[in-house]
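Structural overview
Chain residues, written in single-letter form:
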Amino acid sequence: MSAAILAVGVLTGPAHAAADPDAELAAGRGQDLRAAGWALKETGKTARFRGLSAVSRSTAWVAGSKGTVLRTLDGGRSWQDVSPPGAVAEGLELRDVEAFDARRAVALSIGEGEASRVLRTEDGGATWTETFRNPDPRAFYDCLTFFDARHGLAMSDPVDGKFRILSTDDGGRHWRVLPGDGMPEALPGEAGFAASGQCLVSAGPRDVWLATGGGASARVLHSADRGRTWRVAESTVPAGDPARGVFALAFRDRTRGLAVGGDYRTGQASPQAAAVSSDGGRSWRQATTPPPAYRSGAAWYPYSGGTALAVGPTGTDVTTDGGRTWRPLDEGSFDTVDCAADTGCWAAGEKGRVARLERR
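Here's a quick rundown of the structure.

To continue, consider the sheet that holds strand E21 (residues 274-277). Think of a sheet as strands paired side by side through backbone hydrogen bonds, with each pair either parallel or antiparallel. Taken in spatial order, the 4 strands of this open sheet run E19-E20-E21-E22, and their pairing is antiparallel. Each having just a single partner strand, strand E19 (244-251) and strand E22 (285-286) make up the two edges of the open sheet. As judged from the 7 bridges shared by E19 and strand E20 (residues 257-263), these two strands associate in the antiparallel manner. For Leu-249, the partnering residue across the bridge sits in E20 and is Ala-259.

And the structure:
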C-alpha cells in the first residue's frame, strides 16, 4: 500500500511531503490531532506485527509472526530485516519487543512450554542471543515490560492457579521466576491476551500492571515493588467469555491509566470496551463514550495531558480528556500502538502494516 496519510476525512500527499511532519505534530503537543493521521510505511513484509517499540520519531522496532523482526532508523522510509534466524526457522510468534535504543532490544515469543522464549540483541539485530526458554509445559508467556534498561518482567498465564512472573535485573541477559506468594489467585479461565504486547505495562521505576480476561470479570493487577506483591481490582470492561476482557493497558504515570479491550471475535459487539483509573489501578471507571469496537492497543501521547490513542482491527480512536470520551481517528487495521518520548507515535498490525502518526 502507498504511504498516503489516512485520517478523519481524507488527507492526501506522500508521507515525506513536509520537511519533518512529525516535528510539526510534536510542536502541537497532541492537544488537537484532528489534522493528524497514520502515514503507512511500506515494510515489504506480510507478517502480522503485534510487537512494537517506538524509540523515537526516526527509530522503531516491530516483531511478529514467522519470527519476523524489522527495524527502521529513518522514520519508516526503509526497513532492515533483523529477524533472529532461529525464530524464523521455527516460525516463532514474536508478540512483544522492548527496545532501549537503536541497537539494544528484547523480544518475546509466545506459546506453550518451550515456544515461550526471550531473545536479546545488542547490535541492532545483527545477532541475537536466546536468554530464556520456558521449561514448564504449563506456562504460556504473553507480554514483557521494562522499568529501565536493566530491570524488566515477563508474565505467563496462570500456573497452579496464579499468574507467573519472570524477572531480570541485567537488561534481559538472565531471568528468574519470582515467588508466587504475593500473587492473588486467578479466577477460573482467567488469562492474559498476547494481542499487542500491552497486557503487562510499567510506569516509573517500580510500578507495573497486568491485564486479564477470560474469567468472570476482567481484572487489573498492580504491583508497586516490581512484581513481588500484587493488588487486584475489577475493571468495567466486560468479560465472562474466553474472548473478552482487557487486552491492553497504558499508564501515563503511577496514577493515571487506561484499559481497552472487548471481544476480539469478528462481528461481536464490544460495548464498554474502555475504562480509566486515576488512582494507580485501585479502581476503574467506565469510559463515558468508549471506542465503538474491540481495541487491542493503547498509548498516551507525550506531554499532552489527556491525549491518548487506541487501536484495533477496525480502526483508531483518540481521547483528549484522559480516556473519558473517545472519537474515531482512522478506519485502518492495527493491533498495537506506541509513542516515544519525542512524540514519535507508531502503529503496527496485520499484513505487514506499520504507520507513523503525522500531520498533513
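Don't stop here, the text continues.
To continue, consider the state of the cysteines. Counting across every chain of the model gives 2 disulfides. The disulfide partner of Cys-339 is Cys-345, and the S-S distance across this bridge is 2.1 Å. Every disulfide takes its handedness from the sign of the S-S torsion; for Cys-339 and Cys-345 that torsion is 110°, giving right-handed. The same class applies to Cys-339 as to Cys-345, namely buried. Indicated for the protein chain is the disulfide connectivity 1-2, 3-4, based on numbering the bonded cysteines in sequence order.

Moving on, we come to the sheet that holds strand E26 (residues 327-330). Read from one edge to the other, the open sheet built from 4 strands follows the order E23-E24-E25-E26, with strand pairing classed as antiparallel. A strand with exactly one partner marks an edge of an open sheet, and here the two such strands are strand E23 (297-300) and E26. Going across the sheet, the axis of each strand differs from the next one's by a mean of 30°, ignoring polarity.

This next bit is on the pattern of salt bridges. In the structure shown here, the tally under the stated rule is 24 salt bridges. Between Glu-90 and Arg-117 there is a salt bridge, with the nearest N and O atoms lying 2.8 Å from each other. Separated by 27 residues along the polypeptide, Glu-90 in helix H2 (residues 85-90) and Arg-117 in strand E9 (residues 117-121) bring together distant segments of the chain. Taking relative accessible area as the criterion, Glu-90 reaches 47% and is therefore assigned partly exposed. It is possible to trace a salt-bridge network through shared partners that takes in Glu-90, Glu-114, Arg-117, Glu-130 and Arg-133.

Thresholds, definitions, all that
- Residues numbered from 1 in each chain as written.
- Predicted model: local features only at pLDDT ≥ 70, side-chain atom pairs only at ≥ 80, totals over all residues.
- Heavy atoms only, no water.
- Pairing = 2+ DSSP bridges.
- Helix = DSSP H or I, 4+ residues; strand = E, 2+ residues; numbered from the N terminus.
- Disulfide = S-S within 2.5 Å.
- Buried < 20%, exposed > 50% of the residue type's maximum accessible area, 1.4 Å probe, protein only.
- Axes fitted to C-alpha atoms, helices over the stretch in contact; angles between N-to-C directions.
- Salt bridge = Lys/Arg side-chain N within 4 Å of Asp/Glu carboxyl O.

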